[in-house]
Amino acid sequence: MHTLRQVRDRLKKDVDQMKLQDPNFRPGLVVLQVGDRDDSNLYISMKLKAAAEIGIDATHMRLPKTATESEVLHAITEVNENSSIHGLIVQLPLDSIHTINTEKVTNAVAPEKDVDGLTSINAGKLSRGDLGDCFIPCTPSGCMELIKQTGVSLAGKSAVVIGRSKIVGAPMHDLLLWNHATVTTCHSKTANLPGEVGKADILVVGIGKAEMVKGEWIKKGAVVIDCGINHIPDDTKSNGKRVVGDVHYDSAKEQAGFITPVPGGVGPMTVAMLMANTVLSAKRFLESHQPGKWNISYTKLNLQKPVPSDIVISRSCVPKPIDLLAREVGLLSDEVELYGKTKAKVQLSVIKRLQAQPDGKYVVVTGITPTPLGEGKSTTTIGLVQALGAHMKLNVFACVRQPSQGPTFGIKGGAAGGGYSQVIPMEEFNLHLTGDIHAITAANNLVAAAIDARMFHESTQTDKALYNRLVPLSGGERKFSPIQINRLKRLGIEKTNPSALSEEEITRFARLDIDPSSVTWQRVLDTNDRFLRKITIGQSPTEKGYTREAQFDITVASEIMAVLALTSSLEDMRQRLAKMVVATSRGGQPVTTEDLGVSGALAVLMKDAIKPNLMQTLEGNPVFVHAGPFANIAHGNSSILADKIALKLVGPEGFVVTEAGFGADIGMEKFFNIKCRYSGLRPHVVVLVATVRALKMHGGGPTVTAGMPLPKEYIDENLDLLENGCSNMKKQIENAQHFGVSVVVAVNAFKTDTEAELDLVCRVAKAAGAFDAVRCTHWAEGGAGAVALGEAVQRASEAPNKFKFLYDLELPITDKIRIIAQKIYGADDIELLPEAQRKVELYTKQGFGNLPMCMAKTHLSLSHEADKKGVPKGFILPIRDIRASVGSGFLFPLVGTMPTIPGLPTRPCFYDIDLDPVTEQVNGLF
């Protein structure tokens with residue numbers, strides 16, 4: 001049929017157009033069948049064939065005759081939540097041995113996927129005339145297409161519909177009516193049916209009675225659409241019957257100006273209209289989910305003076321439901337896992353879905369060298385995001401680290417920003433979140449347990465006994481696990497039959513022969529506990545005297561945290577976890593978690609932690625909170641995955657603002673040289689945060705004692721002290737410029753700062769080469785107080801970008817350390833102490849010499865001495881030791897000594913933290 005071919009050609013073009021728009025996109029259709037009726041199978045095969053011709057991905061979902069109503073409803077819910085499916089048809093009748101409420105099942109289909117147009121919502125919209133906002137049932141829609149083919153105008157014509165079923169008659173009446181025909185619906189109770197039929201210019205019949213409408217009833221020249229499918233006896237046919245319609249075709253064709261045959265008339269056009277609805281649904285989906293097209297609402301702040309405590313502000317703002325925020329920023333329902341109402345995990349599949357979408361602009365927030373007075377990097381990160389989003393109406397995401405609970409209960413308190421620039425709810429942000437840090441604790445300590453257990457078992461068993469236990473008999477035979485096959489391959493043993501190994505191969509396979517003094521892997525805990533810095537393990541009699549000295553680190557110092565932050569996919573994480581070196585064998589070979597056989601279990605423990613956590617700012621901007629490696633002993637940046645997903649979601653005109661830990665010499669240097677190397681992402685702007693008070697300390701201001709009033713130098717105007725301290729800011733601007741990225745200085749203003757002091761800082765920053773320098777008041781005013789900063793960042797992002805790394809990975813380890821020390825810290829040279837020199841030789845020999853450097857240095861000074869403020873000169877940087885984080889992908893030289901687990905002060909923060917048993921609110925978190 002000519003019209004049918006035209007419809008299919010048009011739909012095929014539409015699908016091709018969608019693929020041009022997004023090469024990974026295809027319209028998806030599911031046909032759900034219960035039972036195995038032959039007629040249903042026939043109809044379904046026609047639908048699947050039509051879908052394939054047009055380019056629709058169609059799936060036939062079969063449920064057995066034993067399927068219950070709840071099982072059918074569950075299957076429908078799964079399809080409703082699958083974003084790759086745009087149309088769902090429930091094939092009727094439902095052929096089940098159980099009673100199933102067809103109406104309930106039909107209405108369970110999401111209205112936006114109801115391409116059959118049978119839900120009450122779509123039927124209601126049709127009857128109300130909302131034709132552009134619903135799906136029209138396919139048979140009536142096909143009838144309309146056939147009527148249009150005749151060229152007859154419907155307006156003012158008399159139309160008669162015989163039948164009032166929900167599938168044909170009732171919607172056909174509505175469709176004709178809204179196309180301006182005068183419509184009469186006839187049915188089994190209609191008096192003088194031939195007389196009514198005789199008035200019709202347009203006659204649509206769908207009553208289910210073979211050849212009921214006779215030719216003599218029909219008005220001369222009428223358009224007749226026959227929707228009936230009936231079987232009548234016919235001895236000439238092999239099956240003894242033939243298909244006829246509700247109209248007596250031979251007599252009717254003499255009267256009608258146009259009549260549809262049965263079969264071959266309405267049926268194929270109905271299938272075509274089903275395809276048209278599926279394509280329409282896919283188009284609507286694409287339009288409403290255009291990458292980078294956000295429809296976001298922002299929360300208006302109710303600013304108070306004086307500014308209340310952080311927790312009071314956090315609680316004064318009602319967060320948006322997190323599933324609403326997810327939809328606003330273009331996430332699909334099946335890409336979001338809700339953890340209550342205010343936090344959610346986001347699936348990594350977003351990256352694949354949006355892979356054709358250009359990235360947004362990438363901004364890193366860093367600071368001058370930290371002081372006890374605080375610079376407000378986190379607060380500035382959130383304030384800038386609120387300004388860019390809520391006030392400048394740009395798509396913007398914040399990507400921040402998850403705080404450790406150790407400092408939360410120790411000396412620092414919460415870490416969600418502050419004032420009117422916070423991540424909320426701050427209790428959720430600071431306590432547990434979605435359990436990522438606990439997953440890391442479990443995974444890390446599983447490795448530690450595996451190391452000591454393996455050393456114990458190797459020291460107490462013969463090679464044969466050890467081998468027989470590692471590869472135990474099961475069902476009368478021994479079998480290697482996949483992880484053991486991997487170990488055999490690394491040893492160069494190409495055998496898969498455990499009984500085929502020689503004695504020498506058994507020894508090599510079974511014995512890791514770990515040197516206990518070489519174990520670098522420590523147990524971890526997310527609590528500040530100074531008494532775990534050095535411990536003795538194995539003191540129980542059951543360990544037979546195999547004791548050794550060990551220690552605990554804080555969880556965020558675990559290499560697994562760094563792996564989480566630097567990984568790019570689940571597969572990449574699995575490989576990185578396998579490559580983690582935990583010790584050295586007595587023969588000098590690195591021993592990995594894969595050798596221990598534990599790497600697969602680690603991936604299982606980390607499978608949920610790899611998904612970024614979605615939260616929001618006080619003003620309703622999206623925030624990813626993901627990973628939290630320490631910045632002085634690890635690389636101090638949130639996850640690559642969070643940044644990558646956010647950059648896709650904001651679109652090419654949007655911004656992603658992330659924060660690097662501590663000062664620019666620490667977190668920013670590692671952000672560029674480590675994180676950007678592994679992510680392949682190129683930053684557009686550095687925001688360097690400074691405060692007048694902190695710069696005064698770098699200029700030689702007096703020390704500050706917690707709990708004591710601030711010395712007058714920090715409260716009164718002192719331009720000389722301030723100008724001296726600006727040397728640190730100038731050095732950090734220079735550090736950013738080494739990487740070829742524009743720098744905007746954010747002067748975080750306090751009420752004690754004078755105009756002259758703020759002007760001085762901005763003037764010095766610009767003279768030192770900053771793209772711009774602006775004062776900010778976001779702590780007191782939220783995003784409104786950082787609009788000038790947002791505008792400066794937007795301008796800077798458009799400036800030419802000449803990003804480059806500080807050093808080549810191929811350089812020797814010592815040269816890479818020297819470049820960082822001289823260019824970033826301002827050292828004259830470096831000095832490798834004997835242990836560090838030994839490690840340079842060891843790691844070079846083991847093949848780890850081409851990794852980037854992650855300097856473990858005090859964050860309180862550009863030098864290795866924490867009390868040296870400003871810009872120290874003339875110092876030699878001592879390298880005490882070097883350790884390998886092979887899974888993370890870096891070596892970390894140790895500069896001086898630093899505790900890897902903090903201790904509790906005399907009066908920890910937990911004194912103020914309590915739970916209100918009536919409201920269940922957490923009190924005392926700031």
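Here is what the cut-offs are and how they apply
- Residues numbered from 1 in each chain as written.
- Predicted model: local features only at pLDDT ≥ 70, side-chain atom pairs only at ≥ 80, totals over all residues.
- Heavy atoms only, no water.
- Helix = DSSP H or I, 4+ residues; strand = E, 2+ residues; numbered from the N terminus.
- Contact = heavy atoms within 4.5 Å.
- Areas by Shrake-Rupley, 256 points an atom, 1.4 Å probe, with all protein chains shown as cover.
- Lys, Arg positive; Asp, Glu negative; His and termini not counted.
- Charge placed at Lys NZ, Arg CZ, Asp CG, Glu CD.
- Pairing = 2+ DSSP bridges.
- Axes fitted to C-alpha atoms, helices over the stretch in contact; angles between N-to-C directions.
- Phe/Tyr/Trp six-rings, centres within 6.5 Å; stacked < 30°, edge-to-face > 60°.
- Buried < 20%, exposed > 50% of the residue type's maximum accessible area, 1.4 Å probe, protein only.
- Lys NZ or Arg CZ within 6 Å of the ring centre and 35° of its normal.
- Expected span 1.5 Å × (residues − 1).
- Arc of directions from axis to C-beta.

### Thoughts on the overall build of the protein
A count of helical and extended segments in the protein gives 33 helices and 36 strands. Within the protein, contacts between residues separated by at least 24 positions form 74% of all contacts whose residues are at least 6 apart in sequence. Accessible area for the protein stands at about 38400 Å²; split by element, carbon and sulfur atoms hold 53% of it. Where the 102 positive side-chain charges of the protein centre and where its 100 negative ones centre are 2 Å apart.

### Things to note about the sheet that holds strand β6 (residues 202-205)
Taken in spatial order, the 5 strands of this open sheet run β5-β4-β6-β7-β10, and their pairing is parallel. This sheet does not close on itself; its edge strands, each paired only once, are β5 (182-186) and β10 (258-259). Pairing geometry for β6 and strand β7 (residues 223-226), over 4 bridges, is parallel. Note that in β7 the partner of L203 across the bridge is V224. Taken strand by strand, helix α6 (residues 138-149) contacts β6, β7 and β10, and its axis lies near 150 degrees from that of β7. Across the sheet, helix α7 (residues 169-178) lies against β4 (158-162), β5 and β6, angled at about 170 degrees from β4, the strand it touches most.

### Focus: the packing of aromatic side chains
In the structure shown here, the tally under the stated rule is 15 aromatic pairs. Both rings, one in F456 and one in Y546, keep their centres 5.9 Å apart while their planes meet at 85 degrees; by these two values the pair is edge-to-face. Here Y546 lies in the loop between β20 (535-537) and β21 (548-550) and F456 lies in helix α17 (residues 436-460), a separation of 90 residues in the sequence. Taking relative accessible area as the criterion, Y546 reaches 41% and is therefore assigned partly exposed. With centroids separated by 5.3 Å and ring planes inclined at 80 degrees, the aromatic side chains of F803 and F805 adopt a geometry described as edge-to-face. A residue is classified by how much of its surface remains accessible, and F803, at 15% relative accessible area, is buried. Ring pairing ties together the aromatic residues Y362, F671, F672, F739, F803 and F805, which thus form one cluster. Its guanidinium or amino end placed over the ring of Y678, R576 lies 4.7 Å from that ring's centre, counting from NZ or CZ. One cation-aromatic arrangement involves R677 over F805; the distance from NZ or CZ to the ring centre is 4.3 Å.

### Focus: helix α32 (residues 813-825)
Its 13 residues place the ends of α32 17 Å apart at the C-alpha level, agreeing with the 18 Å of an ideal helix rising 1.5 Å per residue. When we look at burial in α32, the residues that qualify are I813, T814, K816, I817, I820, A821, I824 and Y825. The arc that holds every buried residue of α32, seen down its axis, measures 165 degrees, which confines them to one face. G826 lies just past α32 and shows a positive phi near 85 degrees.

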